[in-house]
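Chains, contacts and geometry: an overview
In case you want the letters, here they are:
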Amino acid sequence: MPRHNRPAEADGTLTEQAYRAIEEAIVTLQVPPGEEVSEAQLAARVGFGRTPVREALQRLARERLVRILPRRGIIVAAVDVEEQLRLLEVRREIERLSARAAARQADAAQRAAFRAIAGAMEQAAAAEDETGFLRLDRQLNLLVLAAARNEFATAAMALLHGLSRRFWFLHWRRSAGLEGSARVHAALARAIAEGDADAAGAASDALIDFIEAFTRRVRACGA
């Protein structure tokens, strides 16, 4: 991904910027599953030095998006339907807890941000802007965790969201669709913005139900 195509949110340390650029390239399949890559190739692709790229790859390995093989190099991890279903079992419980906590604890600026993300997701869906939608999904995930103020939930979810977004990006055109996805995401964001913990918990479950049904359709198609 060229330097000028990085998401506007990409601030912070060079390692964080490199991580965001490489993670998005993997999640959006610009670097596809199973591809062998090197630090040098990725550094040239995202426009950062070898050190931040190396540190970013260590984080991506912890998140199971890449495998670092001694003396063999770096391989982008395969996409696995059964893995996704197991992942969703964990997401359901942590995300319900986080959504309820966020509804109770979000400040005024965060509530405004939830409303803005809900509207922007609907607009991205109407325009069939899958990359824009994916970036907003990441923003929503991070905002829920920030508003929930639970460092243990944040640490757990950091290992799950990238895999989920890549799986969705790979299969959404055949088995989902942006409109339905925007609807359930926006409902969650608005429930949190309104401070309704029960509605936020129910919206979180509805979102996971939607994703699980989508994943099972992918499995039924033999993907």
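See the structure shown above.
Before going into details, it helps to say that this report is about the structure given with it. Bear in mind the structure is a predicted one, so any value in this text is a computation, not a measurement. (Residues numbered from 1 in each chain as written. Predicted model: local features only at pLDDT ≥ 70, side-chain atom pairs only at ≥ 80, totals over all residues. Heavy atoms only, no water.)

One pass over the structure, following the stated rule, counts two aromatic pairs. For the pair Phe-167 and Phe-214, a centre-to-centre distance of 5.8 Å together with 70° between the ring planes defines the contact as edge-to-face. You can see Phe-167 sitting in helix 8 (residues 161–175) and its partner Phe-214 sitting in helix 10 (residues 197–220), a full 47 residues away along the chain. Taking the ring centre of Tyr-19 as reference, the NZ or CZ of Arg-59 above it sits at 3.5 Å. (Phe/Tyr/Trp six-rings, centres within 6.5 Å; stacked < 30°, edge-to-face > 60°. Helix = DSSP H or I, 4+ residues; strand = E, 2+ residues; numbered from the N terminus. Lys NZ or Arg CZ within 6 Å of the ring centre and 35° of its normal.)

So, about unusual backbone geometry. Of note, Glu-128 is a non-glycine position whose phi angle comes to about 55°, a positive value. Note on placement: Glu-128 falls in the loop between helix 5 (108–126) and helix 6 (130–148). Its identity is not glycine, yet Arg-149 carries a phi of approximately 60°, on the positive side. Within the secondary structure, Arg-149 sits in the loop between helix 6 and helix 7 (151–158).

Quick look at the sheet that holds strand 3 (residues 73–76) now. Paired through backbone hydrogen bonds, the strands of a sheet run either parallel or antiparallel to each other. Spatially, 1-3-2 is the arrangement adopted by the three strands of the open sheet, whose pairing is antiparallel. Only two strands of the sheet have a single neighbouring strand rather than two, namely strand 1 (36–37) and strand 2 (66–69). Inspection of the sheet shows strand 1 paired to strand 3 by two bridges, in the antiparallel sense. The residue bridging Glu-36 from the neighbouring strand is Ile-75, located in strand 3. Contacts from helix 3 (residues 50–62) reach strand 2 and strand 3, with the element oriented near 115° to strand 2. (Pairing = 2+ DSSP bridges. Contact = heavy atoms within 4.5 Å. Axes fitted to C-alpha atoms, helices over the stretch in contact; angles between N-to-C directions.)

What follows concerns the nonpolar core. If you look at the biggest cluster of nonpolar residues, it comprises 42 residues, and the most contacted ones within it are Phe-114, Phe-133, Leu-140, Trp-168 and Ile-192. Secondary-structure elements contributing two or more residues to this core are helix 4 (81–105), helix 5, helix 6, helix 8, helix 9 (178–193) and helix 10. Once residues lying within four places of it in the same chain are set aside, the contact partners of Ile-192 are Ala-99, Ala-102, Ala-103, Arg-111, Phe-114, Val-144 and Ala-200. (Core = buried A, V, L, I, M, F, W, Y, C linked by side-chain atoms within 4.5 Å. Buried < 20%, exposed > 50% of the residue type's maximum accessible area, 1.4 Å probe, protein only.)

Moving on: helix 3. In this model helix 3 runs 19 Å from its N-terminal to its C-terminal C-alpha over 13 residues, within 8% of the 18 Å that 1.5 Å per residue would give. Of the positions making up helix 3, those classed as buried are Pro-52, Val-53, Ala-56, Leu-57 and Leu-60. Along helix 3, the residues classed as buried sweep out an arc of 140° about the axis, all on the same side. Each element contacted by the buried residues of helix 3 is listed here: helix 1 (14–27), helix 2 (39–46), strand 2 and strand 3. (Expected span 1.5 Å × (residues − 1). Arc of directions from axis to C-beta.)

Mapped onto the fold, Val-81 is located in helix 4. Overall, the relative accessible area of 11% leaves Val-81 in the buried class. In this structure, the C-alpha to C-alpha distance between Val-81 and Gly-222, residues 141 residues apart in sequence, is 9.4 Å.

With that settled, consider the pairing of strand 3. Inspection of the sheet shows strand 2 paired to strand 3 by four bridges, in the antiparallel sense. By the bridge assignment, Arg-67 is partnered in strand 3 with Ile-75. Between the antiparallel neighbours strand 2 and strand 3 lie three residues, among them Arg-71 with a positive phi of about 65°.

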